[in-house]
Amino acid sequence: MNHFQQIAGALAENGLDAVMLTAAPNRLYASGFRSSAGLVLVTREKAWFFTDSRYIEAASRGIQGADVEMVTGSISGFSFIIIGLCSRSTFPAGCASRI
């Protein structure tokens, strides 16, 4: 069982739907990938690692158990993840429109 799966299991055990990891040590724990930028989102069913163009190739090769997605532009914080998720049709949450 990888760390993404362990986190997803803890979500279910604690009645939570998702967790967003923004701190570098937490991203490293979840993904095993060291980066200075990015976000990890783990739901009960799926995990994503969002990063910028500096890390996309290495993250795509090195991260197992999560979809690796590149977000472009100078977006920070929560908006970074929402725009990234809503621009893809695979995210299971409702988005008003594709961005």
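Quick look at the structure, then. What you see is a predicted model; the values in this text were computed from it and never measured.

Let's shift gears to the environment of Trp48. Here Trp48 is to be found in strand 3 (residues 47-51). Classification of Trp48 by relative accessible area gives buried; the value is 1%. Trp48 sits 20 residues away from Val68 along the chain, and the two C-alpha atoms are 5.8 Å apart.

Turning to the environment of Ala47, a few remarks are in order. With respect to the helices, strands and loops of the structure, Ala47 is situated in strand 3. When the C-alpha positions of Ala47 and Gly65 are compared, they lie 7.1 Å apart, and in sequence the two are 18 residues distant. Beyond its immediate sequence surroundings of up to four residues, Ala47 is in contact with Phe4, Leu41, Val42, Gly65, Ala66 and Asp67.

What counts as what
- Residues numbered from 1 in each chain as written.
- Predicted model: local features only at pLDDT ≥ 70, side-chain atom pairs only at ≥ 80, totals over all residues.
- Heavy atoms only, no water.
- Helix = DSSP H or I, 4+ residues; strand = E, 2+ residues; numbered from the N terminus.
- Buried < 20%, exposed > 50% of the residue type's maximum accessible area, 1.4 Å probe, protein only.
- Contact = heavy atoms within 4.5 Å.

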